[in-house]
Amino acid sequence: MIADGVEDEEKWLAAGIAGLQQNAFYMHRALDSNNLRDALKYSAQMLSELRTSRLSPHKYYELYMRAFDELRKLEVFFKEETRRGCSIVDLYELVQHAGNILPRLYLLCTVGSVYIKSKEAPAKDVLKDLVEMCRGIQHPVRGLFLRSYLAQVSRDKLPDIGSEYEGDADTVVDAVEFVLQNFTEMNKLWVRMQHQGAAREKEKREKERSELRDLVGKNLHVLSQIEGIDLDMYKDTVLPRVLEQVVNCKDEIAQYYLMDCIIQVFPDEYHLQTLDVLLGAFPQLQPTVDIKTVLSRLMERLSNYAASSADVLPEFLQVEAFAKLNNAIGKVIEAQPDMPILGVIILYSSLLTFTLHVHPDRLDYADQVLGACVKKLSGKGKLEGNKTTKQIVALLSAPLDKYDIVTALKLSNYPRVLEYLDTETNKVMATVIIQSIMKNKTRISTADRVEALFELIKGLIKDLDGAVLDEVDEDDFKEEQNSVARLIQLLHNDDPEEMFKIICTVRKHILGGGPKRLPFTVPSLVFSSLKLVRQLQGQEENPFGEEESTTPKKIFQLLNQTVETLSNIPAPELALQLYLQCAEAANDCDLEPVAYEFFTQAYILYEEEISDSRAQVTAIHLIIGTLQRMHVFGVENRDTLTHKATGYSAKLLKKPDQCRAVYACSHLFWVDDQDNVKDGERVLLCLKRALRIANAAQQTSNAARGNTGSVTLFVEILNKYLYFFEKGNPHINVAAIQSLVELVTTEMHSETSALDPAANAFFASTLRYIEFQKQKGGAVGEKYEPIKA
Amino acid sequence: MVLVLALGDLHIPHRAADLPPKFKSMLVPGKIQHIICTGNLCIKEVQDYLKTLCPDLHITRGEYDEETRYPETKMLTIGQFKLGLCHGHQVIPWGDLDSLAMLQRQLDVDILVTGHTHQFTAYKHEGGVVINPGSATGAYSSITYDVNPSFVLMDIDGLRVVVYVYELIDGEVKVDKIDFKKTATTTHSAH
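Residues numbered from 1 in each chain as written. Chains lettered and ligands numbered in written order. Predicted model: local features only at pLDDT ≥ 70, side-chain atom pairs only at ≥ 80, totals over all residues. Heavy atoms only, no water.

With respect to helix 7 (residues 140–154) of chain A
If you check helix 7 of chain A, its first and last C-alpha atoms are 21 Å apart, about what 15 residues at 1.5 Å a residue would give, namely 21 Å. For helix 7 of chain A, the buried fraction is high: 14 of the 15 residues fall into the buried class. (Helix = DSSP H or I, 4+ residues; strand = E, 2+ residues; numbered from the N terminus. Expected span 1.5 Å × (residues − 1). Buried < 20%, exposed > 50% of the residue type's maximum accessible area, 1.4 Å probe, protein only.)

Given below as structure tokens:
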């Protein structure tokens with residue numbers, strides 16, 4: 001059915017065009033032979049095609065445009081006629097004899113154009129006559145196009161200031177009056193369309209109305225171009241008249257379009273100065289009009305205006321723009337209690353952006369806006385819906401773009417808005433906040449601010465009610481937690497007391513994070529604390545200091561309890577590493593019992609929790625490496641720990657790992673800068689033990705694979721012999737080294753050993769080293785001299 | 001001229017939030033041919049960032065690295081030079097040059113790059129060069145006090161390598177350079 005309708009329309013349009021073109025042809029002939037009578041006759045016939053009711057506005061427009069083009073030629077002809085002596089007044093009379101009113105009026109407007117140009121009568125008189133005559137057409141589509149024609153031909157003939165048509169009798173007031181009247185009549189016609197036709201065709205009608213809206217809006221555009229309209233005239237005449245029509249027409253489509261048109265077409269300074277009147281119109285509009293969008297666009301324009309230059313800002317203050325807008329929004333929301341929450345948020349978002357641009361120094365204004373939001377949100381429970389949450393995130397992100405987080409924290413209503421977000425959105429906001437801090441490198445330097453900040457980002461710190469952790473994507477989760485860890489590094493104050501408070505505050509929050517979060521956040525806190533310990537180390541311990549002041553000891557107590565939480569997760573390798581770090585720090589503070597306790601904890605973890613072979617090897621390296629550097633231990637403690645460490649080394653699973661760990665332990669008995677730790681005998685014992693293990697490794701390999709494996713381990717041990725030999729260990733003599741060299745040489749040539757070019761190269765470079773040392777001369781050279789490669 | 005960036009011990013996010021901005025602006029993609037990293041990045045985001053600077057990225061495992069599958073040591077040949085890479089927590093005593101020289105002999109490399117101490121060093125001995133690029137973020141270290149952020153850029157040209165060290169001291173980037181020349185490669189027999 002619809003297809004048929006379209007097809008019919010095409011047919012009618014084609015017929016109309018054909019008729020129009022045919023009459024145009026005859027009209028041209030008449031024009032060419034200066035036959036005024038015939039020209040009028042055929043032009044009237046041509047224009048009769050525009051009398052049709054069958055075409056939709058879209059198609060009518062096509063017909064209209066062709067007629068328009070033809071009428072231009074007719075206008076030229078009329079002009080020439082007047083030059084040839086025909087009176088324009090007579091012509092004006094003559095065209096009114098056309099049979100039908102629509103052609104009559106088109107011709108009249110055309111002649112009118114020439115009339116005004118001739119200046120035989122004041123422009124205002126002709127214009128007034130024409131705009132009134134057009135009342136003869138009350139059919140919406142035909143009337144709109146007719147009046148549009150009138151607007152088009154009169155455009156350049158308005159008695160504006162500085163125009164040639166301005167005179168004593170003709171002023172800009174008359175121009176304005178004309179346009180306003182045309183506008184009013186056009187709007188009435190446009191609105192009338194809404195009520196025509198069957199109810200079921202409403203959608204089609206509204207679509208057609210939409211196609212015609214620019215014809216009506218054009219008048220406002222023309223008004224905005226009239227130079228003679230200053231602020232006063234706009235305030236006193238133009239705006240009130242336009243608004244009157246907008247309000248009184250009581251039509252939703254017209255009101256929405258025209259309010260928006262006014263805002264877009266007239267200058268922003270005018271809007272500022274007429275804010276009362278403009279905002280006063282909104283509550284008078286139909287309740288179904290999408291006011292929030294129009295209001296938002298108004299605030300957006302004003303925001304951009306404010307951003308364009310600092311000079312305009314005083315104007316905003318002078319007209320009290322913020323207060324007026326705030327009130328207007330409040331009234332609109334009150335008047336529409338059923339407005340969906342998304343609408344409310346959009347309004348307040350626009351107002352907040354406005355506030356941030358126009359009154360960046362007025363935190364209280366921004367807080368007010370957020371407070372109004374909170375009020376509206378209260379009682380609604382958590383927000384749902386994609387668009388709504390996106391809008392809230394935009395609302396909350398705006399202050400972060402303008403201010404740094406420290407200033408934003410002063411907005412008391414900011415966290416209150418966050419309360420209404422669901423868990424997912426809370427996390428999104430938390431991430432936005434952290435990113436803002438990292439981008440601006442904001443320093444957060446007091447415990448209070450840290451507390452406030454962690455309240456804001458609690459969506460990332462712990463599981464909020466109803467959160468289901470399993471649903472979170474693992475990579476996303478890691479990224480979130482890593483960003484929290486990075487954030488912790490940015491919380492700092494040079495004053496140790498305040499820094500300790502900060503650490504305690506952070507600790508309080510992250511310990512509530514649960515086993516999945518602790519491995520990410522605890523290390524960050526631990527190192528932050530160790531940095532503080534080091535800072536305090538540098539300061540003299542004040543004997544007159546207060547009991548409550550921060551000391552390394554206090555921090556270590558806190559650290560002990562903190563790292564403990566990791567052992568329970570379980571994350572034993574991480575916990576072990578952190579215990580050893582703390583032990584080293586305690587060593588630097590000369591706190592022997594504290595250091596010993598940390599070592600004990602580490603060893604317990606090693607014995608009870610770390611069973612993976614690779615993890616054990618790494619742990620052993622760290623234990624030996626750390627212990628080697630300890631100077632705070634007395635003989636007994638040191639012996640105990642060393643004995644354990646060597647024990648662990650010998651019990652590693654793979655023999656090569658055992659061997660290497662054991663010879664590493666040799667360094668536990670010989671520390672360069674500690675004279676009391678130079679036990680040459682124990683060093684040698686270690687190295688010999690390593691040799692035995694290397695031998696055993698050979699035998700195992702022989703049994704399992706049929707060859708004795710690589711000689712690498714022996715070369716490594718040889719190097720260690722050389723190391724201690726050079727350091728002056730009296731128990732390592734040339735003979736021992738020599739026999740090792742021979743051992744390696746023999747093994748390398750043996751048939752049972754595996755071919756290992758790397759080991760060969762290693763041995764070769766070791767021998768080169770020996771040579772090099774010999775050539776050094778002096779004490780070193782003497783030492784090495786007896787060794788034969 | 002081959003540019004090799006050597007860096008490590010960033011310890012992001014546990015001990016540092018990010019690379020210093022002055023370093024970040026210097027490290028631009030497309031200028032470097034190889035990156036060798038001693039380890040302790042610690043998270044994948046850092047690896048991804050380094051990959052954007054240069055696709056030829058080599059990393060050895062530090063004890064805090066999130067990725068446990070990085071190798072303990074790595075060897076690569078660039079031009080006439082053999083390079084060895086290792087985090088260094090495995091070489092005891094930590095930072096001891098003689099023990100590191102032993103590792104160098106074991107890996108049979110001209111240039112050994114290790115980290116762990118967060119202290120820049122460049123040590124030349126008869127067997128080659130041992131380089132520690134320090135910590136690129138100036139991260140806390142139990143071994144070194146007052147760590148300045150640093151990294152190393154090696155310019156390898158034939159038998160010569162120029163080692164540039166970039167250190168951030170009091171907010172300013174200071175550059176120093178050290179020249180090394182190796183004798184022509186000779187083959188060594190084991191006998």
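So much for the structure itself; the text now carries on.
Structural notes on the state of the cysteines
All names here are of chain A. Summed over all chains, the structure comprises zero disulfides over all chains. A disulfide-free cysteine, Cys504 has its sulfur positioned 15 Å from the sulfur of Cys582, the nearest such atom. Note on Cys665: no disulfide assigned, nearest cysteine sulfur contributed by Cys686 at a separation of 5.6 Å. Classification of Cys665 by relative accessible area gives buried; the value is 0%. (Disulfide = S-S within 2.5 Å.)

Here we look at the interface of chain A and chain B
Where interface size is quoted, it is often the accessible area lost as the parts come together. At the interface, 54 residues of chain A touch 40 residues of chain B. Where chain A abuts chain B, roughly 4200 Å² becomes buried across the two surfaces, and 55% of that area is made up of carbon and sulfur atoms. Among the residues chain A hides against chain B, the three largest losses belong to Arg486, Phe527 and Arg534 of chain A. Together they make up 16% of the total. Taken together, chain A and chain B are joined by five salt bridges. Our count for the contact surface shared by chain A and chain B stands at 19 residue pairs in polar contact (both at pLDDT 80 or more). Of all the elements in the fold, those that place two or more residues in the side of chain A that touches chain B are helix 25 (474–489), helix 27 (518–538), helix 29 (572–588), helix 31 (613–629), helix 33 (655–665), helix 35 (712–727), helix 36 (734–749) and helix 37 (757–776) of chain A. Counted by class, the side of chain A that touches chain B contains 21 nonpolar, 18 polar and 15 charged residues. (Contact = heavy atoms within 4.5 Å. Buried area = accessible area lost by both parts, 1.4 Å probe. Salt bridge = Lys/Arg side-chain N within 4 Å of Asp/Glu carboxyl O. Polar contact = N/O pair within 3.5 Å; in protein donor to acceptor, adjacent residues only side chain to side chain. Nonpolar A, V, L, I, M, F, W, Y, C, P; charged D, E, K, R; others polar.)

Regarding the sheet that holds strand 9 (residues 150–157) of chain B
Residues and elements named next belong to chain B. Spatial ordering of the open sheet is given by 3-2-1-9-10-11, a layout of six strands whose pairing is mixed. In this open sheet, the two edge strands, each paired with only one partner strand, are strand 3 (57–59) and strand 11 (172–181). Strand-to-strand twist of the sheet, defined as the mean angle between neighbouring strand axes without regard to direction, takes the value 20°. Here strand 2 (residues 34–37) runs beside strand 3; their pairing, made up of three bridges, is parallel. Following the sheet pairing, Cys37 is matched in strand 3 by Ile59. (Pairing = 2+ DSSP bridges. Axes fitted to C-alpha atoms, helices over the stretch in contact; angles between N-to-C directions.)

Some points on the sheet that holds strand 6 (residues 111–114) of chain B
Strands in a sheet are paired, the pairing made by backbone hydrogen bonds, and the direction either parallel or antiparallel. All names here are of chain B. Pairing is mixed across the open sheet formed by five strands, whose spatial order is 4-5-6-8-7. Single-partner strands in this sheet number two, and they are strand 4 (73–78) and strand 7 (121–125). When the angles between neighbouring strand axes are averaged without regard to direction, this sheet yields 20°. Sitting on the sheet, helix 3 (residues 97–107) touches strand 4, strand 5 (81–86), strand 6, strand 7 and strand 8 (128–132), and the angle it makes with strand 6 is about 125°.

So, the pattern of salt bridges
Residues and elements named next belong to chain A. Applying the stated criterion across every chain yields a total of 44 salt bridges over all chains. Note that Glu164 and Lys119 form a salt bridge whose closest N and O atoms lie 2.9 Å from each other. Placement of the pair is Glu164 in the loop between helix 7 and helix 8 (172–194) and Lys119 in the loop between helix 5 (101–118) and helix 6 (123–133), with a sequence separation of 45 residues.

Quick word on the packing of aromatic side chains
Throughout the structure, instances matching the rule amount to 32 aromatic pairs over all chains. The interplanar angle of 75° and the centroid separation of 6.0 Å between the aromatic rings of Phe527 of chain A and Tyr64 of chain B together place this pair among those described as edge-to-face. Of this pair, Phe527 of chain A sits in helix 27 while Tyr64 of chain B sits in the loop between strand 3 and strand 4, each in a different chain. Tyr64 of chain B matches Phe527 of chain A in its accessibility class, with the two residues each being buried. (Phe/Tyr/Trp six-rings, centres within 6.5 Å; stacked < 30°, edge-to-face > 60°.)

By themselves, these figures tell us nothing about what the structure is for.
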